[in-house]
Amino acid sequence: MRWVIFSDLDGSLLNYDDYSFEQARPALERIKKLEIPLVLTTSKTRTEVEIILGEMGLEEPFIIENGGALFFPAGYRGWDMADGIKVKSYAVIQLGMPYAEIRAFVKRMTPRFKIRGFGDCSVQEIADMTGLPYDKARLAKEREFTEPFLPGDEKDIEDLTNLVSKSKIKIARGGMFYHFIGVHQDKGKAVEIAKGVFRRHIGNEVRFVGIGDSTNDIPMLERVDIPVLIPHADGQFEHVDLPNLVRAGLPGSKGWNDIMEGMLDDLEKRSN
Ligand SMILES: [Mg+2]
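Parameters and conventions
- Residues numbered from 1 in each chain as written.
- Predicted model: local features only at pLDDT ≥ 70, side-chain atom pairs only at ≥ 80, totals over all residues.
- Heavy atoms only, no water.
- Helix = DSSP H or I, 4+ residues; strand = E, 2+ residues; numbered from the N terminus.
- Rg over C-alpha atoms; globule rule 2.2 N^0.38 Å.
- Areas by Shrake-Rupley, 256 points an atom, 1.4 Å probe, with all protein chains shown as cover.
- Lys, Arg positive; Asp, Glu negative; His and termini not counted.
- Charge placed at Lys NZ, Arg CZ, Asp CG, Glu CD.
- Buried < 20%, exposed > 50% of the residue type's maximum accessible area, 1.4 Å probe, protein only.
- Contact = heavy atoms within 4.5 Å.
- Pairing = 2+ DSSP bridges.
- Axes fitted to C-alpha atoms, helices over the stretch in contact; angles between N-to-C directions.
- Core = buried A, V, L, I, M, F, W, Y, C linked by side-chain atoms within 4.5 Å.
- Domains from an automatic or database assignment.

(A) Representation of the overall build of the protein chain. Each helix and strand in the protein chain was counted, giving nine helices and 13 strands. A compact globule built from 272 residues would reach a C-alpha radius of gyration of about 19 Å, and the protein chain, at 18 Å, matches this within 12%. C-alpha atoms of the protein chain, sized along the principal axes, occupy 65 × 40 × 35 Å. With the model as given, the accessible surface of the protein chain reaches about 12,300 Å², and the carbon-plus-sulfur share is 50%. Side-chain charges in the protein chain split into 36 positive and 43 negative, and the spacing between the mean points of these groups amounts to 4 Å.

(B) Highlighting the environment of Leu53. As for its placement among the helices and strands, Leu53 is situated in helix α2 (residues 46-56). Given the relative accessible area of 5%, Leu53 is considered buried. When the C-alpha positions of Leu53 and Leu40 are compared, they lie 8.6 Å apart, and in sequence the two are 13 residues distant. Beyond its immediate sequence surroundings of up to four residues, Leu53 is in contact with Leu40, Leu58, Glu60 and Phe62.

(C) Expanded view of the sheet that holds strand β8 (residues 147-150). Pairing is antiparallel across the open sheet formed by four strands, whose spatial order is β7-β8-β10-β9. What marks the edges here is a single partner per strand, and that holds for β7 (116-117) and β9 (169-173). Here five bridges tie β9 to strand β10 (residues 178-182), and the two strands are oriented antiparallel to one another. Directly across from Ile169, in β10, lies its bridge partner Gly182. Packed on one face of the sheet, helix α3 (residues 99-109) meets β7, β8, β9 and β10 and runs near 125 degrees to β10.

(D) Representation of the nonpolar core within the structure. By size, the foremost hydrophobic cluster in this structure holds 47 residues, and its most contacted members are Trp3, Ile5, Leu13, Leu40 and Trp256. Of all the elements, helix α9 (residues 252-271) adds the most residues to this core, at six residues. Looking at which domains feed residues into this core, each of domain 1 (2-95 + 186-271) and domain 2 (99-182) gives three or more. Residues within four places of Trp3 in sequence aside, it is in contact with Ile36, Pro37, Val206, Arg207, Val209, Ile226, Met263, Leu264 and Leu267.

(E) Geometry of the environment of Ala27. Here Ala27 shows up in helix α1 (residues 25-33). Apart from residues no more than four positions distant in its own chain, Ala27 is found in contact with Trp256, Asn257, Met260, Glu261 and Leu264.

Written as structure tokens, this is what we have:
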């Protein structure tokens, strides 16, 4: 049995507060050794993910900006990638809208709602809001498809949601921010496309694992065989009702590591 793992970053594989994945190193090393594809599936930008993959020592496909686009490295596993368009060293499948269109929408909304999007903020303001160091906050601002934002008043979200329902944009909720994203994208839609690519290349005998912690991860968790939920930093779980749902015991990278090591133990036992 082959596995493919889709994983959220913030609050799941990365700690909520310090964005570290160091405590997940043991599981990451085993995943690498077993040659299990690990597809980072995040609201982060392409450059943020490229740097994290480099730090992890991985060359794997990834899904950025809440399903805005799916990137397969050129020559990945020696596959002849017929999917997607060639952009630099990737085959790219794009689901999201251009960032300029999302920003134009935000600008139209700002007279009515006190929305503060990343495009309205300086790099230093993003660093202050997120707790990211300045150089990483700069990469978080390099959006291609989606706009993370905070509403001036939490009560505005309902009105905003009603309003966007008439447009080509919808709202996704992550751990720290809301995100304006295109109606034709979410993590689940991108995961579904990625599953098709993996099945074509490694066959139907593959089990898909998905790991996340927040509302925007639910479409991804709904489309995998083994959905795994990581608790929030306060120990509370997002409300998710799915058959086979596995709950991690701890938040962040430590929770990710422990649940994954347990699952890898089972996988290795069964294949021995
Ligand atoms: Mg998250």
